[in-house]
Amino acid sequence: MKIEMFYLLLAFATVLAPMAQGQSTPPQPKTTGVLTILSPKPGVTPEQVMKIMPAEIRATVPLYLDGKIQQWFSRGDGRGVIFILNCTDVAEARALIESLPLSKENLMDEQFIPVGPLLPLRMLLRDSPTSK
């Protein structure tokens, strides 16, 4: 229960901190990565995906070794993958993903979410004795 309360307070702090500073919209975090969710398009069969999978693996491993893919996961529901890409904007991430075989074959739905540092943490620094 304490963890849930922490996340609830953190969510409120994200929204309320800018209001307390007189800002009407929350500041946007600096994008330091892009969370990318890939799943087969409706109607795409596992056989279609598996036919392309060897080429997909050969294309993604170098991206990981070059540091473009920071982390990669299988979705818990078995419906695709999640990448955390070292990209500074969605356009860069989209270009990277669209160069991969499954995307080139138009088999995947793609979702791109820019992510960055958690902004409410700045409140801790602003109120610390060392920042005065």
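Further up the page is the structure itself.
What comes next concerns the included structure. Note that this is a predicted model, so its numbers are computed, not measured.

Glancing now at helix α2 (residues 46-65). The end-to-end C-alpha distance of α2, which contains 20 residues, comes to 27 Å, matching closely the 28 Å that a straight helix rising 1.5 Å per residue would cover. Remark: the principal bend of α2, roughly 50 degrees, maps to M53, with a proline, P54, within the next four residues. Listed as buried for α2 are V49, I52, E56, T60 and L63. In this structure, the buried residues of α2 make contact with β1 (33-40), β2 (69-74), β3 (81-85), α3 (90-98) and α4 (101-104). Directly beyond the C-terminal end of α2, a positive phi value near 85 degrees is found at G67.

What follows covers the pairing of β3. Here β1 runs beside β3; their pairing, made up of 5 bridges, is antiparallel. The residue bridging I37 from the neighbouring strand is I82, located in β3. With 5 bridges joining them, β2 and β3 adopt antiparallel strand pairing. Note that in β3 the partner of W72 across the bridge is F83.

Right, let's talk about the nonpolar core for a bit. If you look at the biggest cluster of nonpolar residues, it comprises 18 residues, and the most contacted ones within it are F83, L85, A93, I97 and L102. Of all elements in the fold, only β1, α2, β3, α3 and β4 (108-115) reach the threshold of two or more residues within this core.

Here we come to the pattern of salt bridges. Applying the stated criterion across every chain yields a total of 2 salt bridges. Across the pair K68 and E92 runs a salt bridge whose closest N-O atoms are separated by 2.8 Å. Taken together, the positions of K68 in the loop between α2 and β2 and E92 in helix α3 put the pair 24 residues apart, joining distant regions of the chain. Here K68 falls in the partly exposed class, since its relative accessible area comes to 27%. Note that R75 is salt-bridged to D77, the shortest N-O span being 2.5 Å. Given the relative accessible area of 22%, R75 is considered partly exposed. Among the residues examined, D77 registers a relative accessible area of 47% and is labelled partly exposed.

Another point: a nonpolar patch on the surface. A surface patch of nonpolar side chains, amounting to about 480 Å² of accessible area, comprises I57, V61, Y64, L65 and W72. With respect to the helices, strands and loops of the structure, I57 is situated in helix α2. Exposure remark for I57: the relative accessible area of 44% places this residue in the partly exposed category.

Where two aromatic rings form a pair, the distance of their centres and the angle of their planes describe that pair. Going through the model one piece at a time under the given rule, you end up with 2 aromatic pairs. For the pair Y64 and W72, a centre-to-centre distance of 5.2 Å together with 10 degrees between the ring planes defines the contact as stacked. With relative accessibility at 38%, the residue Y64 sits in the partly exposed group. Residue classification places W72 among the partly exposed positions, given a relative accessible area of 35%. Ring centres of W72 and F83 lie 6.2 Å apart, and the angle between their planes is 40 degrees; this geometry places the pair in the tilted category. On the criterion of sequence distance, the pair formed by W72 in strand β2 and F83 in strand β3 is long-range, its members being 11 residues apart. A connected cluster of aromatic rings, assembled from ring pairs, spans Y64, W72 and F83.

Calculation notes
Residues numbered from 1 in each chain as written. Predicted model: local features only at pLDDT ≥ 70, side-chain atom pairs only at ≥ 80, totals over all residues. Heavy atoms only, no water. Helix = DSSP H or I, 4+ residues; strand = E, 2+ residues; numbered from the N terminus. Expected span 1.5 Å × (residues − 1). Bend = angle between axes of the 7 residues up to and from the residue. Buried < 20%, exposed > 50% of the residue type's maximum accessible area, 1.4 Å probe, protein only. Contact = heavy atoms within 4.5 Å. Pairing = 2+ DSSP bridges. Core = buried A, V, L, I, M, F, W, Y, C linked by side-chain atoms within 4.5 Å. Salt bridge = Lys/Arg side-chain N within 4 Å of Asp/Glu carboxyl O. Patch = residues over 30% accessible without salt bridge, like charges linked within 9 Å, V, L, I, M, F, W, Y side chains within 5 Å. Areas by Shrake-Rupley, 256 points an atom, 1.4 Å probe, with all protein chains shown as cover. Phe/Tyr/Trp six-rings, centres within 6.5 Å; stacked < 30°, edge-to-face > 60°.

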